[in-house]
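Geometric and topological summary
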Amino acid sequence: MPMLLTLVAVWGVSLSVWAVSRSRTSGGPASPQKAASANEPSDVARILSTRSTEKPTWQVAFEADYDAEDYRSAEKRLDAVVPADVHQQAYLDLLRASCLKESGMTRDALPLYEGSLRHSLEADDWELAVYGLKGLAGTLSAMGAHDESEARYREAIRVFRAHGRKHEALDTASDLANVMATRGRFGEAVRMLRKSARYHLVKRELGTFANVSANLARTLLLMRRPAPALRVARAAQYLAEKRGLREASLAARTAAGSALVGLSRYSEAKREFDSVFTDATTYGDLRFQAIALQNLANVSLNTGVTQEAETQASAALDAFERTGFLEGALKSRALLGMVAERAGNLAEAEKRYRYLVSEGDRLGMYDSVVAGLQGLRGIMSRDSRGALFNALRADLVS
């Protein structure tokens, strides 16, 4: 209860609203896993529930695997299904894309979301289309295409609202808030998250409330407020684990570890990220493995263990590139540039920072361009012979 009240206070929800939310809960306490699945279904659960009253054998098996978060097995269930028409093709593409995205295979999910959206529009099924649109937005965000991601999230919100689906519109707004925070639009992000949090708290949907709170912790970190971010992350972790929500727990623990880094509590942060990596490996979640490795590299760099930082950042880069999470890959490249700089290898650092600038510019990921330019400026100040400065000046003149 103290953890939950921490979140209530952070969100600015009055205790009278919290009391109302509690009074709406009927019956005895459910188990965390049942409560999460019964009251707060995933997008895939919502899609499956609307398809048919009599479920085919493959769908029953698919749902069991997906609910158990065995996404690879769930995807294999789809191999035996031959689509009867364009409508079923849209349905199967959407389910397969969701499995790949949850497994961290972002690049492979992208064409399937695009195909599902296209087939859904051909079949005139708005519901399949909007979930395809939402999945596409999330995939584009993970790949660093934030302009396109924002546009698709806003369109999905508009469609949900037009059909009276307030719950789904607010969930989508929470996802959009992450894009806003990444782009430095913190005020808009916090407003979106607060509106969603209050709605889910009143509805007593504590699992979704935990997800939104984990998003707030991430936003606070981007605002460079590690102390409140740590409090929110721990409370979100508590709720996520009570509700049996694996991904929300990993996200909250990752945010907690990052907050500990911001507070210079490196040994605690390392334990947190080691734990996230171990659990992500157990679950087969390549995306969170990569995130944990990148964060461990950052800890190693901050504590002067440069060789270990090189190994960890290289492993993170490989994992991010395999999943297609381009934003994460570029952040790993920035870390590798810093590692080379700390080791005194300025030529290698220059090479890595230059690549970061050119690739960030090509992909429209300007945070990476800025990081690369800042890195080049840093090593320029250590270049006593002025060779790097002259080379950069020659590039600008040409």
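All figures in this text were calculated on a predicted structure; none of them were measured in a lab.

Moving on, we get to the overall build of the chain. When its secondary structure is counted, the chain shows 22 helices and zero strands. For the chain, with 398 residues in total, the buried portion stands at 51%. Restricting the contact set of the chain to residue pairs at least 6 apart, pairs at least 24 apart contribute 59%. Surface accessibility of the chain: about 18,400 Å² in total, with carbon and sulfur atoms responsible for 52%.

Residues Trp58, Phe62, Tyr66, Leu95 and Leu176 are the most contacted members of the largest nonpolar core, which totals 72 residues. Setting aside its immediate chain neighbours within four residues, Trp58 contacts Arg77, Leu78, Val81, Tyr91, Leu92 and Leu95. If you look at the next biggest cluster of nonpolar residues, it comprises 23 residues, including Phe288, Ala290, Ala313 and Leu317.

Geometry of a packed helix pair, given as the angle between the helix axes and the separation of the axes. At a minimum axis distance of 8 Å, the contact between helix α14 (residues 226-242) and helix α15 (residues 246-262) shows a crossing angle of 160°. Classified by the angle between their axes, α14 and α15 sit roughly antiparallel to one another. When the axes of α14 and α15 are compared, the crossing they make is left-handed. Mapping the contact onto sequence places Pro226, Ala229, Leu230, Ala233, Arg234, Ala236, Gln237, Ala240 and Glu241 in α14 and Ala248, Ser249, Ala252, Arg253, Ala255, Ala256, Ala259, Leu260 and Gly262 in α15. Of the residues contributing to the contact of α14 with α15, the split by class is 12 nonpolar, three polar and three charged.

One can find Ser98 in helix α7 (residues 86-102). Once residues lying within four places of it in the same chain are set aside, the contact partners of Ser98 are Val44, Tyr66 and Tyr113.

Turning our attention to the packing of aromatic side chains. One pair of aromatic rings is described through two measures. These are the centre distance and the angle between the planes. On inspection of all chains with the given rule, the structure shows four aromatic pairs. Look at Phe62 and Tyr66: their rings are 5.7 Å apart centre to centre, the planes differ by 25°, and that puts the pair in the stacked class. With a gap of four residues between them, Phe62 and Tyr66 both fall in helix α5 (residues 57-67), about one helical turn apart. Judged by relative accessible area, which is 0%, Phe62 ranks as buried.

Attention now goes to the pattern of salt bridges. Inspection of every chain in the model, using the stated rule, returns 24 salt bridges. A salt bridge links Arg185 to Glu188, with the nearest nitrogen and oxygen atoms 3.2 Å apart. Within the structure, one salt-bridge network assembled from shared partners comprises Asp147, Glu150, Arg154, Arg183, Arg185 and Glu188.

Below, the discussion takes up the packing of helix α11 (residues 166-182) against helix α13 (residues 206-222). Taken N-terminus to C-terminus, the directions of α11 and α13 make an angle of 10°; their axes are 10 Å apart at the nearest point. Taken as axis vectors, α11 and α13 run roughly parallel relative to one another. Here Asp171, Ser174, Asn178, Ala181 and Thr182 of α11 come into contact with α13, specifically with Thr208, Val212, Asn215, Arg218, Thr219 and Leu222.

Quick look at helix α17 (residues 286-302) now. For α17, with 17 residues, the first-to-last C-alpha span of 24 Å sits near the 24 Å given by 1.5 Å per residue. With 15 of 17 residues buried, α17 lies mostly within the body of the structure. Capping of α17 at its N-terminal end is provided by Asp285; its side-chain oxygen lies 3.2 Å from the backbone amide nitrogen of Arg287.

Positive phi outside glycine occurs at Asp124, with the angle close to 60°. Mapped onto the secondary structure, Asp124 falls in the loop between α8 (106-122) and α9 (126-142). Residues other than glycine seldom take positive phi values, yet Ser264 does so here, at roughly 60°. For Ser264, the position within the fold is in the loop between α15 and α16 (266-283).

Bringing α8 into the picture now. Taking 1.5 Å of rise per residue, 17 residues should cover 24 Å, and α8 covers 25 Å from first to last C-alpha, within 8% of that figure. When α8 is considered as a whole, its buried residues turn out to be Thr106, Ala109, Leu110, Leu112, Tyr113, Gly115, Ser116, Leu117, His119 and Ser120. Next to the buried residues of α8 lie α7, α9 and α18 (306-323). Immediately downstream of α8, the backbone of Asp124 shows phi near 60°, a positive value.

Turning our eyes to something else, we now look at the environment of Ala251. Inspection of the secondary structure assignment puts Ala251 in helix α15. Sequence spacing of Ala251 and Arg218 is 33 residues, and the spatial spacing of their C-alpha atoms is 8.8 Å.

Taken residue by residue, the chain gives an average pLDDT of 82. The fraction at 70 or more is 82%. Mean pLDDT values over the elements of the chain span from 34, in helix α3 (residues 32-39), up to 96, in α16. Contacts from residues 13-39, a stretch scored under 50 in pLDDT, to residues over four places away or in other chains number 33 contacts.

Glancing now at a positive patch on the surface. Together, Arg161, Lys166, Lys195 and Lys203 make up a positively charged patch on the protein surface. For Lys203, the location among the structural elements is in the loop between α12 (186-202) and α13.

This next bit is on the environment of Ala309. Examined against the element boundaries, Ala309 turns out to sit in helix α18. The buried category is assigned to Ala309, whose relative accessible area is 1%. A C-alpha to C-alpha distance of 9.5 Å links Ala309 and Asn295, two positions 14 residues apart in sequence. Not counting residues within four places of it along the chain, the set of residues in contact with Ala309 comprises Ala297, Ser300, Leu301 and Val339.

Conventions used here
- Residues numbered from 1 in each chain as written.
- Predicted model: local features only at pLDDT ≥ 70, side-chain atom pairs only at ≥ 80, totals over all residues.
- Heavy atoms only, no water.
- Helix = DSSP H or I, 4+ residues; strand = E, 2+ residues; numbered from the N terminus.
- Buried < 20%, exposed > 50% of the residue type's maximum accessible area, 1.4 Å probe, protein only.
- Contact = heavy atoms within 4.5 Å.
- Areas by Shrake-Rupley, 256 points an atom, 1.4 Å probe, with all protein chains shown as cover.
- Core = buried A, V, L, I, M, F, W, Y, C linked by side-chain atoms within 4.5 Å.
- Axes fitted to C-alpha atoms, helices over the stretch in contact; angles between N-to-C directions.
- Parallel < 35°, antiparallel > 145°, perpendicular 65-115°, else oblique.
- Left-handed = near helix turned anticlockwise from the far one by under 90°.
- Nonpolar A, V, L, I, M, F, W, Y, C, P; charged D, E, K, R; others polar.
- Phe/Tyr/Trp six-rings, centres within 6.5 Å; stacked < 30°, edge-to-face > 60°.
- Salt bridge = Lys/Arg side-chain N within 4 Å of Asp/Glu carboxyl O.
- Expected span 1.5 Å × (residues − 1).
- Polar contact = N/O pair within 3.5 Å; in protein donor to acceptor, adjacent residues only side chain to side chain.
- pLDDT = per-residue confidence, 0-100.
- Patch = residues over 30% accessible without salt bridge, like charges linked within 9 Å, V, L, I, M, F, W, Y side chains within 5 Å.
- Lys, Arg positive; Asp, Glu negative; His and termini not counted.
- Charge placed at Lys NZ, Arg CZ, Asp CG, Glu CD.

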